[in-house]
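# Coordinate analysis (summary)
Listed below, chain by chain, are the residues.
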Amino acid sequence: MVDYSNPSMAVASPSFVGGERKHWWLTNKKIVDRYVREARMLIATQEQSEITAAMGLLEAALALAPRMEVALELKARCLLHLRRFKEVADMLQDYIPSLKTVASDDSSSSASSDNSSTQLSRERVKLLSSSGDSMSGDETAFKCFSVSDLKKKVMAGLCKNVEKEGQWRYSVLGQACCHLGLMEEAMVLLQTGKRIATAAFRRESISLSDDIFSYNKFPRSGENLVSNQPQTPPKTDSETITHLLCHIKLLIRRKTAAIAALDAGLYAEAVRHFSKILDGRRGAPQGFLSECYVHRATAFRSAGRIAEAIADCNRALALDTSCIDALTIRAGLFETIRCLPDSLHDLEHLKLLYNSILRDRKLPGPIWKRQSVQYREIPGKLCSLATKIQQLKQRVASGETGNVDYYALIGLRRGCSRSELERAHLLLTLKHKPDKSSSFIERCEFADEKDIDSVRDRAKMSSLLLYRLVQRGYTSVMSTILDEEAAEKQRKKVQQTPPMPVAEESKVIKTPPPSVFQGVFCRDIAVVGNLLAQAGFNRPIPVKYEALSC
């Protein structure tokens, strides 16, 4: 006898019991129904461990019936509850709007044609049946014939969407795409699921006409009216989807406004819109934040704020290590300030990434991840990147490594004052302090909680490197300002020395050098008188005593 309580044993030998070989599919159906029923009870507890156990039961049920719609739906909802969004996207990737290919369209069209025929046949059976499906068998009902009512029923059956049974895919996959950062896809999927659910509810609302009534709808004499109160409708996730749609639309509107301002050259406006997304109270998904950091880094670079642009590139690379745009922008920023070794390091990293793409013949990450480049562009980008790396190596070999433009890094003009430097340095220090490098992680919704520690470590390391670069820039610029101030003081001191007055200059008698008086022939009276007139009578005249004996 088969042990149904053990899913592995049921999967290993589920087919038949004893000699009833021809009814093995009935046994499988009973096993699958039991697994699904037990999984529903476990999921209803909303506990993590119970939902994990329900996942095992659903895996066993899908091993027996891979296309069972109920088991697929429960599995997808379990994965969504366990925050395993990547597995949900991999499971339902054919329904992502940006990934629909011709092959998937052909297969889906053939499958939908089969489903449509079966659904229409079922609807014809329902429409032609004598008793309505919505009423129980023991319930007596009276129907008044109406051509318009019949027309409504027929049109509702013929125009029924073939995707009604799979409408859960849109809501579940839309929520998963939202948590993965695919906001546009999430909005399309959630709106489609909401539209299909509304259409299904509208079809159900017109399935019964206004002149249908039954005895059980009204209380008999002597019955309590309280017992016939209408039952509350089952609780659905429509409110959750509505709130999620509002948040998604808000983020998309702000991102669209920021990109429009960036394209129009309004860089401060673009930074303001992106900051509303990145610094808002309500968090955003990891992939969406990475894209916004890259765009804001572009706005900062265009506005001349190099340090802020490098910091945003660091955050984007901490969230996504294979972000090609962030690596390209940061390498260009380091080259702008002539920090060639760091620029060369980023370009080498980008070269390794391109080589890995060509080796694996696919872009990094899962197939549903949004990429900024296409695979056919990689060989051309790799050739231009190799040329750029060779040029930077030649510049480094020629000795350009020590000529870093710290003024551009800090965002100051040449010849700035000490107060301007101290103010700019204080603002940069407060913004990019290594202790606050991981504060943006608190506003980030991670698809996988295991990535938080690695993201925090990468953010702290890159922030520490930028902080040290800013400190070196502050020291260099401050020494330059001090030298300029000392030279200016010396120049002002020389200029402030008072010139000698003219009256005093006339009183001063210029004394000839003593060499003039050496070797004078004292018998020349005219020369002696001339010397006395020049030197004054109170100054002794050095003479050679040998000449007096003549």
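Residues numbered from 1 in each chain as written. Predicted model: local features only at pLDDT ≥ 70, side-chain atom pairs only at ≥ 80, totals over all residues. Heavy atoms only, no water.

### Comments concerning the overall build of the protein chain
This is how the line gets drawn: The helix and strand labels rest on DSSP assignments: H or I over at least four residues marks a helix, E over at least two residues marks a strand, and numbering proceeds from the N terminus. Residues count as neighbours in contact if any of their non-hydrogen atoms are within 4.5 Å of one another.
Looking only at helices and strands, the protein chain features 21 helices and four strands. In the protein chain, the proportion of contacts linking residues at least 24 apart, taken out of those at least 6 apart, comes to 68%.

### Quick word on the packing of helix α4 (residues 69-81) against helix α8 (residues 167-179)
Put simply, the rule reads: In this analysis, axes come from line fits to C-alpha atoms, helices being fitted only over the stretch in contact, and the angle between any two N-to-C directions falls in the range 0 to 180 degrees. Orientation is classified from the angle alone, with under 35 degrees giving roughly parallel, over 145 giving roughly antiparallel, 65 to 115 giving roughly perpendicular, and any other angle giving oblique. Put simply, a crossing is left-handed when the front helix is turned counterclockwise from the back one by less than a right angle, and right-handed when it is turned clockwise. Amino acid classes used here: Ala, Val, Leu, Ile, Met, Phe, Trp, Tyr, Cys and Pro are nonpolar; Asp, Glu, Lys and Arg are charged; the rest, including Gly, are polar.
At a minimum axis separation of 10 Å, α4 and α8 run at an interaxial angle of 20°. Between α4 and α8, the interaxial angle falls into the category roughly parallel. In the packing of α4 onto α8, the handedness of the crossing is left-handed. Contact with α4, carried on its side by Glu69, Leu72, Glu73, Ala76, Arg77 and Leu80, involves Trp168, Arg169, Ser171, Val172, Gln175 and Ala176 of α8 and no other residues of that element. A class-by-class count of the residues in the contact of α4 with α8 yields six nonpolar, two polar and four charged.

### With respect to the environment of tyrosine 474
Position of tyrosine 474 relative to the elements: it lies in helix α19 (residues 451-495). Residues tyrosine 474 and tyrosine 406 lie 68 residues apart in sequence; the distance between their C-alpha atoms is 7.7 Å. Those residues in contact with tyrosine 474, other than ones at most four positions away along the chain, are Ile410, Leu421, Glu422 and His425.

### Things to note about the nonpolar core
Where we set the bar: The criterion is simple. A nonpolar core is a set of buried Ala, Val, Leu, Ile, Met, Phe, Trp, Tyr and Cys residues joined through side-chain atoms within 4.5 Å. The buried label applies to any residue whose accessible area, calculated with a 1.4 Å probe on protein chains only, is under 20% of its type's maximum; exposed applies above 50%, and partly exposed to all values in between.
One finds Ile248, Leu319, Tyr354 and Leu409 to be the most contacted residues of the largest nonpolar core, which totals 125 residues. Among the elements that make up this core, the one with the highest residue count is helix α13 (residues 306-319) (10 residues). In contact with tyrosine 354, not counting residues within four places along its chain, are Ile324, Ile378, Lys381, Leu382 and Leu385.

### Considerations on the pattern of salt bridges
Rule in force here: Salt bridges are defined by distance alone: a side-chain nitrogen of Lys or Arg within 4 Å of a carboxyl oxygen of Asp or Glu.
Under the criterion given, the structure shown has 28 salt bridges. The salt bridge partner of aspartate 33 is lysine 29, with a shortest N-O separation of 3.2 Å. You can see aspartate 33 and its partner lysine 29 sitting in helix α2 (residues 24-44), four residues apart, about one turn around the helix. On the accessibility criterion, aspartate 33 (29% relative accessible area) is partly exposed. Of the charged contacts in the structure, one is a salt bridge between arginine 305 and glutamate 308, with a shortest N-O distance of 3.9 Å. Look at arginine 305 and you get partly exposed, because its relative accessible area is 34%. Through salt bridges that share partners, Glu184, Glu185, Lys255, Glu291 and Arg370 make up one connected network.

### Quick look at helix α12 (residues 286-303)
Using the following cut-off: Take the number of residues in a helix, subtract one, and multiply by 1.5 Å to get its expected span.
Between its first and last C-alpha atoms α12 spans 26 Å; for 18 residues at 1.5 Å apiece the expected length is 26 Å, and the two agree. With 13 of 18 residues buried, α12 is to be regarded as a mostly interior element. One or two steps after α12, the chain reaches glycine 304, where phi turns positive at roughly 85°.

### Some words on helix α15 (residues 340-360)
Think of an α-helix as turning once every 3.6 residues; residues three or four places apart then point the same way. With 21 residues, α15 ought to run about 30 Å at 1.5 Å a step, and its terminal C-alpha atoms sit 30 Å apart, in line with that. When α15 is considered as a whole, its buried residues turn out to be Leu340, Ser343, Leu344, Asp346, Leu347, Leu350, Leu353, Tyr354, Ser356 and Ile357. The elements touched by buried residues of α15 are α14 (324-336) and α16 (378-397). One or two residues past the end of α15 sits arginine 361, with phi positive at roughly 60°.

### Considerations on the packing of helix α10 (residues 238-263) against helix α11 (residues 267-278)
Where α10 contacts α11, the axes come no closer than 7 Å and their chain directions differ by 160°. On the basis of their axis angle, the class for α10 and α11 is roughly antiparallel. Pair α10 / α11 crosses with left-handed handedness. Side by side, α10 and α11 meet where Leu251, Arg254, Lys255, Ala257, Ala258, Ile259, Ala261 and Leu262 of the first sit next to Tyr267, Glu269, Ala270, His273, Phe274, Lys276 and Ile277 of the second. A breakdown of the residues in the contact of α10 with α11 according to their chemical character gives 10 nonpolar, one polar and four charged.

### Observations regarding the packing of aromatic side chains
Our working definition: For Phe, Tyr and Trp, rings pair up if their centres lie within 6.5 Å, where Trp contributes its six-membered ring, and each pair is then called stacked (planes under 30 degrees apart), edge-to-face (over 60) or tilted (otherwise).
Scanning all chains against the criterion turns up two aromatic pairs. Look at tyrosine 95 and tyrosine 170: their rings are 5.8 Å apart centre to centre, the planes differ by 90°, and that puts the pair in the edge-to-face class. Linking tyrosine 95 in the loop between α5 (85-91) and α6 (102-128) with tyrosine 170 in helix α8, this pair joins segments that are 75 residues apart in sequence. Among the residues examined, tyrosine 95 registers a relative accessible area of 28% and is labelled partly exposed.

### Here's the deal with the environment of serine 302
Note that serine 302 resides in helix α12. Separated by 40 residues in the primary sequence, serine 302 and leucine 262 place their C-alpha atoms 9.1 Å from one another.

### Some thoughts on the side chain of serine 463
For serine 463, the position within the fold is in helix α19. Excluding residues within four positions of it along the chain, serine 463 makes contact with His432, Lys433, Pro434 and Ser437.

### Quick notes on the side chain of threonine 429
Along the chain, threonine 429 falls in helix α18 (residues 418-431). When neighbours within four sequence positions are excluded, threonine 429 is seen to be in contact with Tyr467 and Gln471.

### So, the confidence of the model for the protein chain
Put simply, the test is: Each residue carries a pLDDT score, the predictor's confidence in it, ranging from 0 to 100.
The predicted model of the protein chain has a mean per-residue pLDDT of 75, with 67% of residues at 70 or higher. This stretch, residues 101-147, has a pLDDT under 50; its non-local contacts, to residues over four places away or in other chains, come to 31 contacts. Confidence over residues 153-163 falls short of pLDDT 50; this stretch has 17 contacts with residues more than four positions distant or in other chains.

### Here we look at the environment of leucine 173
Relative to the elements of secondary structure, leucine 173 occurs in helix α8. Overall, the relative accessible area of 0% leaves leucine 173 in the buried class. In this structure, the C-alpha to C-alpha distance between leucine 173 and phenylalanine 85, residues 88 residues apart in sequence, is 8.6 Å. Here leucine 173 is in contact with Val88, Ala89, Leu92, Tyr95, Ile96 and Leu189, once residues within four sequence places are set aside.

### Some words on unusual backbone geometry
With phi around 60°, arginine 83 is a residue other than glycine that occupies positive phi space. Relative to the elements of secondary structure, arginine 83 occurs in the loop between α4 and α5. One non-glycine residue, arginine 361, adopts positive backbone phi at about 60°. Residue position: arginine 361 is located in the loop between α15 and α16. Overall, arginine 361 belongs to the exposed group, its relative accessible area being 68%.

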